[in-house]
There are 2 protein chains.
Amino acid sequence: MLERITALRGSFSAWQCDALLVDHPIDLFYLTGLRMSAGRLFITRGAAQLFVDGRYFEIAKSKVPSSVEVARLEEDSQKRFLAQAGIRKLAFDSATMSYDRYEKCNLSFGEGERVLVAIPSPLKNFRAIKTEEELVKMRKSAALTKEGLRHLCTILTPGVKEKDLAWEFEKFCRERGAEKMAFEPIIAFGSNTSFPHHRASDRPLLAGDPVMIDVGCVLNDYASDVTRTLWSAKVPPEFFRLQKIVVRAQKAALSICLPGTSFGDLDAAAREVMREEGVEELFAHSLGHGIGLETHEFPRISLRAEERDTRLKEGMVITIEPGLYAPGICGARHEDTVIVWEKGPENLYEDLTFINPQGKYDK
Amino acid sequence: MLERITALRGSFSAWQCDALLVDHPIDLFYLTGLRMSAGRLFITRGAAQLFVDGRYFEIAKSKVPSSVEVARLEEDSQKRFLAQAGIRKLAFDSATMSYDRYEKCNLSFGEGERVLVAIPSPLKNFRAIKTEEELVKMRKSAALTKEGLRHLCTILTPGVKEKDLAWEFEKFCRERGAEKMAFEPIIAFGSNTSFPHHRASDRPLLAGDPVMIDVGCVLNDYASDVTRTLWSAKVPPEFFRLQKIVVRAQKAALSICLPGTSFGDLDAAAREVMREEGVEELFAHSLGHGIGLETHEFPRISLRAEERDTRLKEGMVITIEPGLYAPGICGARHEDTVIVWEKGPENLYEDLTFINPQGKYDK
């Protein structure tokens, strides 16, 4: 935790600030190890001071590392702290702080010669690079999700409902230690696969339905995320066409998934395959996203994202999930989560290539 | 849905705007019936135009009421829409829109003579008053939570872990139709009850432990929320003292829970009882909160809240949950959810007065 706070201070000169206000709950957890729905951590060059309300005061005093001072969340004590530390440029997270809260902070803290400095997601570059300890947890989270997905295949028989599968996956993971789902399981049968973010419904599985399963759990605080599209005997021919293209598109992106490649180039590689096949306009979302303490975190991997020119680094964990959706007919998506290494990506779902509804895995 | 959009237009003159941008996912659901993680609904005096990205375009076209036009989320088409509608004052939700997003909206839409108008939670007063259709759902959600809480009492025996109870409650509700938990179940044994927002842990129940259970589910989109503090034979004497005070404090608040009473006065009534007993400083949170599509929504019921002078109205649904916490020893909280009526509050947990660990209910 202390190293993380020290590392943040290393960005103060780039941000042109002499202190950082952290108030996003996940960032607070990342820096203090404590789950709080609200709280304010001020990091200066010399100190780290956490302000929490009555709900968290006792637990913060007993659990937060000793390098972080804990005080009650009162406006006056925050002002006093900033004044005593001589802070003149206070950076804040402009991507998550609301407009109203900014206005209030400015009123409280932006007095005299002190100014607020907008930094979008100041922790994003730090959180994107996982430590070995974090990677151990991410591999375990992925392993449980993989087990859960395999379990679903054993109960995938005509008549089962989308909602049944969603709940079955959740129960499987929760009873094996998962804190929660990384996101609401996306289970889609038949033409429902043409909605990228379908909500599991009462629709039963019919023979000939393609099946899209996009699931993930949170285990030891870390999220996992994988998508497989499966089929029984008589799926629409259009489905096979799309399915083959997304798998090829994913391979193209994986082949250049190395330190130094820009996020935009990853998306471009997948899109190139789709363009050749004349289906690029059926690709309705980003190629992928960073994953860790949050299911969707920096970076967004897309030619259209602001961070498209930023480059992969060792230790980043990202999803690569090309998807194609023929409106009203069917869709296919193929998603893996990988760790970026110099030697090539470590695919957390490598041995989960294809699945058929009989619960067997075909290469 | 259409009436809701019409009702919002009635506030345009008070807000000094000629259009409202709605982009909070819950508000979008409230107005369109569609769950989206992102989207923009522009409401003008004459039209309602929804912009969504590729993930939601097909489903929005097929499911959103015909009074709402659907288009793809592109900056140019939004600008064009605002220009054609002649919008000069565009209100936005300043409580949830981030500082960065505000800056971007201002750059995109704040051109020429058009200005953005900050309105914190523009839908809050509308969402706070529930329709009969909503109340039917809220009563059902509360009934399921009550059943789940009673179920927990049947398995509350020494040795059971906090986490076991949390998961048991979730399974019970989910298998009976709940979409999810309204919040992570708070199950605390022994001295853990002194943390108002304790996270269920592996701690086993020991004889003499007080037990705090704060749970709720989401059923048919509506949240429920209740807290009971229970005890076995030999709880610390301090616990009984606190427990009696929170029950009396809650009664004091309930006795004035009528249309016309201000939110601040509700809190004051409960605090008065605590002050008489010399324990007010052990009350570490608000007295309660509005509840509906979100577990915590407008109003926050506290002497310290901005809305303290706003008054109760018929059809509001709020929690009343005084709690007292003796650090390191124990805590007690007693929470009900009530509907505000002229004839007196309708308590959704009226028949759940006290519970003891043997699963019997004592008056």
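Residues numbered from 1 in each chain as written. Chains lettered and ligands numbered in written order. Predicted model: local features only at pLDDT ≥ 70, side-chain atom pairs only at ≥ 80, totals over all residues. Heavy atoms only, no water.

Asks: Can you tell me about the pattern of salt bridges, naming the residues and giving the values?
Replies: Taken as a whole, this structure holds 56 salt bridges over all chains when the rule is applied. With a closest N to O distance of 2.7 Å, Arg-127 of chain B and Asp-27 of chain B form a salt bridge. Placement of the pair is Arg-127 of chain B in helix H7 (residues 124-128) and Asp-27 of chain B in helix H3 (residues 25-32), with a sequence separation of 100 residues. As far as the burial class goes, Arg-127 of chain B and Asp-27 of chain B line up, both buried. Among the ionic pairs, Arg-139 of chain B bridges to Glu-346 of chain B, the shortest N-O distance being 2.6 Å. Note that Arg-139 of chain B is positioned in helix H8 (residues 132-154) and Glu-346 of chain B in strand E19 (residues 346-347), a separation of 207 residues in sequence. Arg-139 of chain B sits in the partly exposed class, given a relative accessible area of 26%. Linked through salt bridges whose partners overlap, the residues forming this network are Asp-27, Arg-127, Lys-130, Glu-294 and Glu-297 of chain A. (Salt bridge = Lys/Arg side-chain N within 4 Å of Asp/Glu carboxyl O. Helix = DSSP H or I, 4+ residues; strand = E, 2+ residues; numbered from the N terminus. Buried < 20%, exposed > 50% of the residue type's maximum accessible area, 1.4 Å probe, protein only.)

Asks: Before we move on, could you go through the interface of chain A and chain B and cite the residues and values that matter?
Replies: On the side of chain B, 31 residues touch chain A, which itself brings 31 residues to the contact. Taken together, the two surfaces of chain A and chain B that pack against each other cover about 2,800 Å², and 60% of this comes from carbon and sulfur. Among the residues of chain A in contact with chain B, Arg-55, Tyr-99 and Trp-167 of chain A are the three that bury the most area, contributing 23% of the side total. Our count for the chain A to chain B interface comes out at six salt bridges. Note that Glu-170 of chain B and Arg-174 of chain A form a salt bridge whose closest N and O atoms lie 2.7 Å from each other. There are 14 residue pairs in polar contact (both at pLDDT 80 or more) connecting chain A and chain B. Among the elements of the structure, helix H4 (57-63), helix H6 (99-109) and helix H9 (162-174) of chain A are those that each provide at least two residues to the side of chain A that touches chain B. (Contact = heavy atoms within 4.5 Å. Buried area = accessible area lost by both parts, 1.4 Å probe. Polar contact = N/O pair within 3.5 Å; in protein donor to acceptor, adjacent residues only side chain to side chain.)

Asks: Lay out unusual backbone geometry with the relevant residues and their values.
Replies: Between Phe-298 of chain A and Pro-299 of chain A the backbone carries a cis peptide bond, its omega angle lying at 0°. Checked against the element boundaries, Pro-299 of chain A lands in strand E14 (residues 297-301).

Asks: Quick rundown of the confidence of the model for chain A? Include the residues and the values.
Replies: With 97% of its residues at a pLDDT of 70 or more, chain A shows a mean pLDDT of 93. Across residues 357-363 of chain A the pLDDT falls below 50, and counting only partners more than four positions away or on other chains, this stretch makes 18 contacts in the model. (pLDDT = per-residue confidence, 0-100.)

Asks: Account for the side chain of Asp-225 of chain A, naming residues and giving values.
Replies: Relative to the helices and strands, Asp-225 of chain A is located in the loop between strand E11 (222-223) and strand E12 (226-231). Apart from the residues within four sequence positions on either side, Asp-225 of chain A is in contact with Phe-183, Asp-214, Val-215, Gly-216, His-289, Ile-291, Thr-295, Thr-319, Glu-321, Glu-335, Thr-337 and Tyr-349 of chain A.

Asks: Could you give an account of the sheet that holds E12 of chain A, with specific residues and numbers?
Replies: Residue and element names in this part refer to chain A. With respect to topology, three strands assemble into an open sheet ordered E8-E9-E12, the strand pairing being antiparallel. Only two strands of the sheet have a single partner each, and these edge strands are strand E8 (186-189) and E12. Sheet twist, expressed as the mean angle between neighbouring strand axes with direction ignored, is 10°. Across four bridges, the pairing between E8 and strand E9 (residues 210-215) is antiparallel. (Pairing = 2+ DSSP bridges. Axes fitted to C-alpha atoms, helices over the stretch in contact; angles between N-to-C directions.)

Asks: Any details on the relation of the copies chain A and chain B? Residues and values, ideally.
Replies: By a simple turn and slide, chain A fits onto chain B: the slide is 0.0 Å along the axis, the RMSD is 0.0 Å, and the turn is 180°. Given the turn and translation reported, the copies of this chain are related as if by a two-fold rotation axis. Judged by C-alpha distance, Ser-98 of chain A is the residue of chain A that lies nearest the rotation axis, at 2.0 Å. Mapped onto chain B, 100% of the interface residues of chain A again fall at the interface, so both copies present the same surface. (Least-squares fit on C-alpha atoms with pLDDT ≥ 70 in both.)

Asks: Which residues make up the side chain of Thr-44 of chain B, and what values do they have?
Replies: Residues and elements named next belong to chain B. Within the secondary structure, Thr-44 sits in strand E2 (residues 40-44). Owing to a relative accessible area of 5%, Thr-44 belongs among the buried residues under this scheme. A polar atom in the side chain of Thr-44 sits 2.9 Å from the backbone nitrogen of Ala-47. When neighbours within four sequence positions are excluded, Thr-44 is seen to be in contact with Arg-9, Phe-12, Asp-18, Ala-19, Phe-81, Ala-85 and Ile-87.

Asks: Would you mind going over the domain arrangement of chain A in detail, with residue names and values included?
Replies: Residues and elements named next belong to chain A. Domain annotation of chain A identifies domain 1 (2-127) and domain 2 (129-347). Placing the centre of domain 1 and that of domain 2 at their C-alpha centroids yields a distance of 34 Å. Residue-level contacts link 10 residues of domain 1 with nine residues of domain 2. Between domain 1 and domain 2 lies a buried interface of about 890 Å² when both sides are counted; carbon and sulfur atoms form 47% of it. Counting the surface domain 1 buries against domain 2, the share from its top three residues, Lys-124, Asn-125 and Arg-127, is 49%. The interface formed by domain 1 and domain 2 includes four salt bridges. (Domains from an automatic or database assignment.)

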